[in-house]
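Structure assessment
Each chain is listed here by its residues.
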Amino acid sequence: MSAIERRYEWHHEGSDPNDETFGHVVEPVSLDDSLGHVPAVLVGEPYDGAVIGRKGAAAAPAAIRRELQGIKTHHLERGAVPAIGDIGDLSIPADRVERAQDAVEERTRTIHERNALPVFLGGDNSLTVPNVSPLLDSGSVGVISIDAHLDCRATDDGVSSGTPYRQLHNRGLDSLAVIGARPFETSTTYVEYLREQDGTIVTAEAVRQDLSDAVETARDALAAVEQVYVSLDVDAIDGAAAPGVSAPTPGGITSREAFELLAQCCFDDRIAGVEVVECAPPLDRGDRTVRIASRAVAHAISAAVSGTDPNVGGNHNTNGGSSDD
């Protein structure tokens, strides 16, 4: 079986010839390339075999690309996104979660060795394990997980989209900070487990009150690590704005807050990978969730490759805002 299952045919269209979109700047690349000519590379992971709730995340990579190709590349403070690469979708076996994780890790190990920031388009949260694991062999690693849930379930009954950070802790993950956790979305057992691991929990309410302080709390927790990986589980966003996820619930962060969190977290010299997971297009309403997920990818790439501090310049309204921006 080939490592790459399919490639997306990028194109651009529009009535204004001055509009540069991601469809103009994304180019197909190969795992055989050094990738040094692009600062970031998209990697599709069409898999939802580990989802505890509703399936549909396997359709996300294609849907996110389809929406992303029409998004303009210019950010008002950071300027235009440069040319980036797209490896295509990884071929992932569908029979057992452990086999899927092993197969993906073979590919992500190669991807992390290349000279470009990998931006993984999930897929479900179980693939955080193979996305992060290769980094553990090359220095200390901390993860910032923007998520409603802690995803630290025990693995006694098997691995799933709810176990990735338990698995990563077992493999030597140094630090974990969860931003956007919500009341009544996790069990006391897992809160206590994460605290035993010296993990950090920053609630959705703390984000609403002071977003920059929430990010600073997470960064402080990861101050000693050499590499930072950033994960956005789209169910961190309020279910009214992002219904197309495995487990939509009320009380989440706004889309605007999610974009700003990504920007501040990805503006870090130690950034070693980014992922957007658990977007489930078949469960969406009017492509609302796909639009958020694709723009989240754009914000993450822009912050990671621009070299411009998101806190400098412009008017950043980080307290509140509409939940359906």
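These numbers come from a predicted model, not from an experiment.

Regarding the overall build of the protein
Summing up its helical and strand segments, the protein has ten helices and twelve strands in all. Whereas a compact globule of 325 residues would reach a radius of gyration of roughly 20 Å, the protein reaches 18 Å, a difference of no more than 12%. In terms of overall dimensions, the protein has a C-alpha envelope of 55 × 50 × 40 Å along the principal axes. The burial tally for the protein puts 58% of its 325 residues in the buried class. Counting only contacts in the protein whose residues sit at least 6 apart along the sequence, the fraction spanning at least 24 positions is 80%. Seen as two clouds, the 26 positive and the 52 negative side-chain charges of the protein have centres 4 Å apart.

A short note on a negative patch on the surface
On the surface, D210, D213, E216 and D220 cluster together into a negatively charged patch. Mapped onto the elements, D220 comes out in helix α8 (residues 211-221).

Re the pairing of strand β7 (residues 117-122)
Within β7, six of the six residues are buried, which leaves it mostly tucked inside the rest of the structure. Neither face of β7 is open: one carries L117, V119 and L121, the other P118, F120 and G122, and all of them are buried. Sheet topology note: the strand β3 (residues 40-45)/β7 ladder contains six bridges and is parallel. Its bridge partner lying in β7, L42 is registered against V119. As paired strands, β7 and strand β12 (residues 271-277) are joined by three bridges and run parallel to one another. Following the sheet pairing, V119 is matched in β12 by V274.

A few points about the confidence of the model for the protein
Mean pLDDT for the protein: 92, with 94% of residues reaching 70 or above. Here residues 313-325 is a poorly scored stretch, pLDDT under 50, and it has 32 contacts once near neighbours within four places are set aside; other chains count.

What about helix α2 (residues 60-68)?
Regarding α2, the residues found buried are A60, P61, A63, I64, R65 and L68. Residues of α2 that are buried make contact with α1 (22-25), β3, β6 (84-90), β7 and α10 (288-306).

Digging into unusual backbone geometry
Excluding glycine, residues mostly have negative phi values, and the peptide bonds linking residues are mostly trans. Put simply, G122 and G123 share a cis peptide bond, and its omega is 15 degrees. Note on placement: G123 falls in the loop between β7 and α4 (128-132). Look at D198: it is not a glycine, yet its phi comes out positive at around 60 degrees. Looking at the secondary structure, you find D198 in the loop between α6 (188-196) and β10 (200-203). D198 gets classed as exposed once you look at its relative accessible area, which sits at 68%. In this structure, E278 is a non-glycine residue whose phi angle is positive, near 70 degrees. Summarising the element assignment, E278 is placed in the loop between β12 and α10. On the accessibility criterion, E278 (4% relative accessible area) is buried.

So, the packing of aromatic side chains
Scanning the entire structure with this criterion turns up one aromatic pair. With 5.3 Å between their ring centres and 75 degrees between their planes, Y8 and W10 make a pair best called edge-to-face. Between the NZ or CZ atom of R166 and the centre of the ring of Y193, over which it lies, the distance is 3.7 Å.

Quick notes on the pattern of salt bridges
As enumerated under the stated definition, the model contains twelve salt bridges in all. The salt bridge involving K72 is made with D19; its shortest N-O contact spans 4.0 Å. Taken together, the positions of K72 in the loop between α2 and β4 (74-75) and D19 in the loop between β1 (4-6) and α1 put the pair 53 residues apart, joining distant regions of the chain. By relative accessible area, K72 is classed as partly exposed at 48%. We classify D19 as partly exposed; its relative accessible area is 24%. Taking the shortest distance from any N to any O, the salt bridge between E105 and R171 comes out at 3.0 Å. Taken together, the positions of E105 in helix α3 (residues 97-113) and R171 in the loop between α5 (164-170) and β9 (175-181) put the pair 66 residues apart, joining distant regions of the chain. Each member of the salt-bridge network shares a partner with another, and the members are E105, R109, D137 and R171.

What to know about the packing of helix α9 (residues 255-266) against α10
Orientation of α9 relative to α10, taken along the N-to-C sense of each, is 25 degrees, at an axis distance of 8 Å. Here α10 runs roughly parallel to α9, going by the angle between their axes. The handedness of the crossing between α9 and α10 is right-handed. Contact residues: S255, F259, L262, A263 and C266 in α9; I292, R295, A296, H299, A300, A303 and A304 in α10. Here the contact of α9 with α10 is built from residues that sort into nine nonpolar, two polar and one charged.

Thresholds, definitions, all that
Residues numbered from 1 in each chain as written. Predicted model: local features only at pLDDT ≥ 70, side-chain atom pairs only at ≥ 80, totals over all residues. Heavy atoms only, no water. Helix = DSSP H or I, 4+ residues; strand = E, 2+ residues; numbered from the N terminus. Rg over C-alpha atoms; globule rule 2.2 N^0.38 Å. Buried < 20%, exposed > 50% of the residue type's maximum accessible area, 1.4 Å probe, protein only. Contact = heavy atoms within 4.5 Å. Lys, Arg positive; Asp, Glu negative; His and termini not counted. Charge placed at Lys NZ, Arg CZ, Asp CG, Glu CD. Patch = residues over 30% accessible without salt bridge, like charges linked within 9 Å, V, L, I, M, F, W, Y side chains within 5 Å. Areas by Shrake-Rupley, 256 points an atom, 1.4 Å probe, with all protein chains shown as cover. Salt bridge = Lys/Arg side-chain N within 4 Å of Asp/Glu carboxyl O. Pairing = 2+ DSSP bridges. pLDDT = per-residue confidence, 0-100. Phe/Tyr/Trp six-rings, centres within 6.5 Å; stacked < 30°, edge-to-face > 60°. Lys NZ or Arg CZ within 6 Å of the ring centre and 35° of its normal. Axes fitted to C-alpha atoms, helices over the stretch in contact; angles between N-to-C directions. Parallel < 35°, antiparallel > 145°, perpendicular 65-115°, else oblique. Left-handed = near helix turned anticlockwise from the far one by under 90°. Nonpolar A, V, L, I, M, F, W, Y, C, P; charged D, E, K, R; others polar.

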